[in-house]
Amino acid sequence: MMDKLETLTPNASPEVLEKDYKADETLFENSSQTQSNSEAPSVGFDLAAIAALIASQNEAPSLEPVSREGTLPVSFAQERLWLLHQLSPENPCYHQPIAFRLTGSLNVPILEQSLREIIRRHEALRTSFTTVDEQAVQVIHPDGDFSLSILDFTNIPNPESQIPDCLLKEIQKPFDFSTGSLLRATLVQLREKEQVLLFTMHHIACDGWSEGIFLKELSLLYQAFSNGKASPLPELPIQYPDFAHWQRQWLNNEKLESQLTYWKEQLSGEIAALQLPIDYPRPSIQTHRGECQSLVLSKTLTKAVKNLSQQEGVTLFVTLMAAFKTLLHRYTQQEDILLCSPFAGRNRAEIQDNIGYFNNVLPMRTNLSGNPSFKELLSRLKKTSSGAIENQDVPLQKLADLPNLAGKPLSRCMFALLNTPEQFLKLPGITVSSIEVDNGAADFDLFLVMKEKEEQLTGVLQYKTDLFKAESIIKMLQYFEELLENLVANPEQQLSSLPLFGDPDSLITSEPIEQQQQETVAPRNDLERQLTKIWETILNTSSIGVKDNFFELGGSSLLALRLVAEIEKVLDKKLSSAALFQAPTIEQQANILSSEGEQFSGGNSSLVKIQPNGTKPPLFIVQVLGEGLRYGLPLARRLGNEQPVYGLSVGVMDEDAWDLVKDAEEQYLKDIRSIQPKGPYFLAGPFCGGRIVYNMARKLQLQGEQVALVAMFNTIKDPQSSLKKMSTLDKLSAHWNNFLRIGTPYIAKKSQRSIQSLENKLMSSSYKFFKLMRLPLPQGLKDFAYRVEQSQDREALRKKRRQGLVGKKHRKAPEEQRIQQQMNQQFIFTPEIYTGRVTLFRPMEEMNFHNPDFGWNDLAPGGLEIYDVPGDNYTMFDEPQVKVFAEKLKACLDKAQ
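Definitions and cut-offs
Residues numbered from 1 in each chain as written. Predicted model: local features only at pLDDT ≥ 70, side-chain atom pairs only at ≥ 80, totals over all residues. Heavy atoms only, no water. Helix = DSSP H or I, 4+ residues; strand = E, 2+ residues; numbered from the N terminus. Buried < 20%, exposed > 50% of the residue type's maximum accessible area, 1.4 Å probe, protein only. Areas by Shrake-Rupley, 256 points an atom, 1.4 Å probe, with all protein chains shown as cover. Arc of directions from axis to C-beta. Contact = heavy atoms within 4.5 Å. Salt bridge = Lys/Arg side-chain N within 4 Å of Asp/Glu carboxyl O. Core = buried A, V, L, I, M, F, W, Y, C linked by side-chain atoms within 4.5 Å. Axes fitted to C-alpha atoms, helices over the stretch in contact; angles between N-to-C directions. Parallel < 35°, antiparallel > 145°, perpendicular 65-115°, else oblique. Left-handed = near helix turned anticlockwise from the far one by under 90°. Nonpolar A, V, L, I, M, F, W, Y, C, P; charged D, E, K, R; others polar. Disulfide = S-S within 2.5 Å. Pairing = 2+ DSSP bridges. Expected span 1.5 Å × (residues − 1).

Draft legend 1. Structural view of the overall build of the protein. Scanning the protein from N- to C-terminus turns up 28 helices and 21 strands. A burial count over the protein gives 52% of its 897 residues as buried. For the protein, the computed accessible surface area is about 40000 Å², with 50% contributed by carbon and sulfur atoms.

Draft legend 2. Spotlight on unusual backbone geometry. Cis geometry is adopted by the peptide bond preceding Pro 680, which originates at Gly 679 and carries an omega value of 10°. Examined against the element boundaries, Pro 680 turns out to sit in the loop between α21 (664–675) and β18 (681–686). The omega torsion across Glu 879 and Pro 880 is 0°, close enough to zero to call that bond cis. Within the fold, Pro 880 resides in the loop between β21 (864–869) and α28 (881–896).

Draft legend 3. Here's a closer look at helix α5 (residues 163–171). Every buried residue of α5 is listed here: Ile 163, Cys 166, Leu 167, Glu 170 and Ile 171. Along the axis of α5, the buried residues cluster in a sector spanning 130°; they form a single face. Contacts from the buried residues of α5 go to β2 (95–103), β5 (149–152), β6 (183–191) and β7 (194–202).

Draft legend 4. How the structure looks around the pattern of salt bridges. Applying the stated criterion across every chain, the model contains 36 salt bridges. Linking Glu 117 and Arg 120 is a salt bridge whose minimum nitrogen-to-oxygen distance equals 2.8 Å. Taken as a pair, Glu 117 and Arg 120 lie in helix α4 (residues 108–121) at a separation of 3 residues, close to a single helical turn. Of the charged contacts in the structure, one is a salt bridge between Arg 346 and Asp 207, with a shortest N-O distance of 3.0 Å.

Draft legend 5. Representation of the nonpolar core in the model. In terms of nonpolar packing, the biggest core is built from 123 residues, with Phe 214 and Leu 446 touching the most fellow members. If you tally residues by element for this core, the top one is helix α10 (residues 316–332), at 11 residues. When sequence neighbours within four positions are dropped, the list of residues in contact with Phe 214 reads Leu 115, Ile 118, Leu 183, Phe 199, Met 201 and Ile 355. Core analysis: the second largest hydrophobic core is formed by 29 residues, Leu 629, Leu 635, Val 869 and Phe 885 among them.

Draft legend 6. Spotlight on the packing of helix α9 (residues 299–312) against helix α13 (residues 470–489). At their nearest, the axes of α9 and α13 sit 10 Å apart, and the two run at 50° to each other. When the axes of α9 and α13 are compared, the pair comes out oblique. Pair α9 / α13 crosses with left-handed handedness. Side by side, α9 and α13 meet where Leu 301, Ala 304, Val 305 and Leu 308 of the first sit next to Glu 481, Leu 484, Glu 485, Leu 487 and Val 488 of the second. Of the residues that constitute the contact of α9 with α13, the class distribution is 7 nonpolar, no polar and 2 charged.

Draft legend 7. How the structure looks around the state of the cysteines. Scanning the entire structure with this criterion turns up 0 disulfides. Left unpaired, Cys 413 is separated from the closest cysteine sulfur, that of Cys 340, by 9.4 Å.

Draft legend 8. Structural detail: the sheet that holds β18. Read across the sheet, 7 strands follow the order β15-β17-β16-β18-β19-β20-β21 without closing on themselves; strand pairing throughout is mixed. Single-partner strands in this sheet number two, and they are β15 (607–611) and β21. Across this sheet, the average inter-strand angle for adjacent strands is 25°, counted without regard to direction. Of the strand pairs in this sheet, strand β16 (residues 619–622) and strand β17 (residues 645–648) are connected by 4 bridges, and their pairing is parallel. When the sheet's bridge partners are listed, Ile 621 is paired in β17 with Gly 647. Each of β15, β16, β17 and β18 touches α21; the most contacted strand, β17, lies at about 155° to it.

Draft legend 9. Representation of helix α6 (residues 208–226). For α6, which comprises 19 residues, the first-to-last C-alpha distance of 28 Å matches the rise-based estimate of 27 Å (1.5 Å per residue) to within 8%. By the criterion of burial, α6 is predominantly enclosed, with 15 of the 19 residues buried. Positive backbone phi, at 75°, marks Gly 228, one or two positions downstream of α6.

Draft legend 10. View of the sheet that holds strand β12 (residues 431–435). With mixed pairing, 5 strands are arranged side by side in an open sheet as β5-β6-β7-β2-β12. Of all strands in the sheet, those with a lone pairing partner are β5 and β12, marking the two edges. Averaged over all pairs of adjacent strands, the angle between strand axes in this sheet comes to 20°, irrespective of strand direction. Relative to β7, β6 runs antiparallel, the two being bridged by 8 bridges. In the sheet register, Val 188 faces β7, and the bridge partner there is Val 196. Relative to β6, α4 is tilted by about 165°, and along the sheet it contacts β5, β6 and β7.

Below, the structure is given as structure tokens:
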């Protein structure tokens, strides 16, 4: 959906370039600023700047075809992307996708013919890259190698659910710069007359303006070829290699130096990095994972913003960028704000109809010192924009080479106003609708894109998920809307009168991790200091803050047991494992252990506060929470801060309390009512927890309570009714289908599971051997031994307690009897019927091995809703699969409220 801009680090080594030199333009250009000189006086720039721009272009040599004999230089923009591709060829940040849903009789041969003609017309789409004398050059390939990729989903159950994963996989496939194939087209056949069509182009061959040209030409060619006519499109007089040659000649040393003089002045002095209000410390190795959140302004506010722009004699672009800079100023309290913004770069009439990479990115630096009014800020930014327009030809990498910018990020933030002509795909006899897709990546911290559609301004804020939480970005967009309302109502007000949006005391800056770790909340008393040392030993890390969460730092259930034991050993104070789940920070544990703090009574409760805050009705996840709350914590984070989430598991209770539990379901209902006395209740259960939730919902229903949601996460009714009866060939076929859909990661994952099983067996054998030979245990076997001994000691103690509870003759506790009975019956689940609606979430990688309803259809007279989520039994709870999972669960929660 967008393409990217990261930080620039001039004069950097290849290692630094890989990390920081990720600079590029967006496909959303501010094209009205550069596209048509005749329109320029009406958009709010200084006439002097417009005149200078026109004069500069008049001085340029004519743009004419050049010989294809010999080497063809790349453009400055291509050179940058070529370098980035050499450093990271699998990075999808510069893959530009467009997708459509097609309903009707599609003529596939005509579609393929139309695409071949577009590739023939535009040399940029059939260009490969190589080096000559250590300089990148482009090689134009003959047309004819293109073929449409067709995926047949007609025989796949519920194919719609697999489209997002399928499209993302296709989008993120690496491009090979040596083949000359920079356009991919994939057709997914869903039904006889329903398809999904995906185009993916590499940014080195196209920009945002190019996408409109592509769709326009495809529409015209498909219609003409369908009617047996020739192409209606005239031949292009100029191709992209001609432009690249012209650009190199035009920006000779003299011309480049004259514009560089402006930028040296504009970017002089100290430039501090923009200290964005990130949620997580900046990682040393970037993953480029990105997501988006959207904003829609009312028609009233849109009109007011446009009126203010006209009143102050500035463009809409200037007004919106000024507002965005004001937002960042009120977050960071910095006065020197530098953002980058893209420019279309199509100043020549000869290249208006060309597909290619023409745009450039320029830094927009604004001084907000002196507490100006917003009206004054508009005037300052108007001057900045005019100067950038007048000197827009300098390539971004040349600016990064300025001496005072060495080693500093040029920008961590990007702003663009999308005003390229909107084009639609029109295919005769076919209903075409757009599908929102992106490449799942981000090469910059924040990128705000605004556009106007149907008299309303809309915005998309893309962000790095390594740095920001989704709820923080949503809140930032809300603040931006509130800020705009405030500014248009009173543009005379000074910036200091506006609210501060960030909490300075809790702000994480954009500095590296090493500096962040110094800003963690340090221990404030002897007890916190002692606990910190214990944590550092158990977690094998340093610089732990007293507000850090044990499980978020990598703590597991095994480490939790070791932590409890170490606390008792060092401090001679008992902290139950249940308390650790309820109080996972040093600050909370110190309060429990201190004589002044409230005594912890959670050992008699099965409740775990996964995310206790929020205004919505709580969601209760039952029975299976996983190591470090694996099956609850990532999901809770993705549901957002407004959704309270509690876990329930008898496993977190103290041993004495656990042994007294005769019915886990009744214990859970009791603990739920301690949080929420009355319904409607929202219940969910992973794995076997789904069956417990089903029974709990029935009991609540009989008691007259309303149950709004019964959600099962990968819960089978029982093996007999859920698992398909499959031959070895059927199982191989199911695995093969998963491999075709997922690729080699599926094989790697299955192999890893087998390896883990083998490792456990080897650990057990090695442990027995070392014990038999009385040899000292390595650390790995010590961990294994600790787990075994803890399990044995706990079971022995439980048996002893139960004997005391039921008499000298030991018998199994009721819960043990129930479990044993189920095992003896090969676990046949025959509950009383719950008459409400049941919602089932199925992992896609397991669906081929189970009946479609997982055996639940007969037990859901109120209706069975089924949602498919990416991943397998376990990875559906992990990133990035849990994002899709949470979105679907959130939709169910919202619908049920």
